[in-house]
Amino acid sequence: MFDVWKLGTTSVEMWSTAMSTIMSRTQLWGTQSPLDPKMIAENQKMVSEKIAASWEMWFVMQKSWMNAMSGGKVVPWWTTGTQFIKPLHKRTAANSRRLS
């Protein structure tokens, strides 16, 4: 049951840091020039991080599906869920710290 608790805690942390990051970036977009080199770099970093996190999440799901299809050990949904949101959690927490 601890793993289910861990998934819930990680999800709540991820969503709260994501909302904080969205608010910080929205404030930056409203107060900074879009041609400012710092804003261009921030926007590029945002897009590249989302792409990298999506790839990591895709690999976790593919690994789980391949294990299940090949008759390997089936991992509980809460373990797979925790592994699935870990890349997003890591990036949203880092962005929230960096932008605050």
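These remarks concern the structure in this document. (Residues numbered from 1 in each chain as written. Predicted model: local features only at pLDDT ≥ 70, side-chain atom pairs only at ≥ 80, totals over all residues. Heavy atoms only, no water.)

Remarks on the packing of helix α2 (residues 37-69) against helix α3 (residues 77-99)
Move 1: Across the interface, α2 lies against α3 with an axial gap of 8 Å and an inter-helix angle of 165 degrees. Classified by the angle between their axes, α2 and α3 sit roughly antiparallel to one another. In the crossing of α2 with α3, the sense of the turn from one axis to the other is right-handed. Taking contact as the criterion, the partners of E42, K45, E49, A52, A53, E56, M57, V60, M61 and S64 in α2 are, on α3, T80, Q83, F84, P87, L88, K90, R91, N95, R98 and L99.
Move 2: Classifying every residue of the contact of α2 with α3 by side-chain character gives nine nonpolar, four polar and seven charged. (Axes fitted to C-alpha atoms, helices over the stretch in contact; angles between N-to-C directions. Helix = DSSP H or I, 4+ residues; strand = E, 2+ residues; numbered from the N terminus. Parallel < 35°, antiparallel > 145°, perpendicular 65-115°, else oblique. Left-handed = near helix turned anticlockwise from the far one by under 90°. Contact = heavy atoms within 4.5 Å. Nonpolar A, V, L, I, M, F, W, Y, C, P; charged D, E, K, R; others polar.)

With respect to the packing of aromatic side chains
Move 1: Counted under the stated rule, the structure contains four aromatic pairs.
Move 2: Seen from their ring centres, W58 and F59 are 5.2 Å apart, and the 65 degrees between their planes marks the pair as edge-to-face.
Move 3: For the pair W77 and W78, a centre-to-centre distance of 5.4 Å together with 80 degrees between the ring planes defines the contact as edge-to-face.
Move 4: Since its relative accessible area comes to 57%, W77 is described here as exposed.
Move 5: Taken together, the ring pairs in this structure connect W55, W58 and F59 into an aromatic cluster. (Phe/Tyr/Trp six-rings, centres within 6.5 Å; stacked < 30°, edge-to-face > 60°. Buried < 20%, exposed > 50% of the residue type's maximum accessible area, 1.4 Å probe, protein only.)

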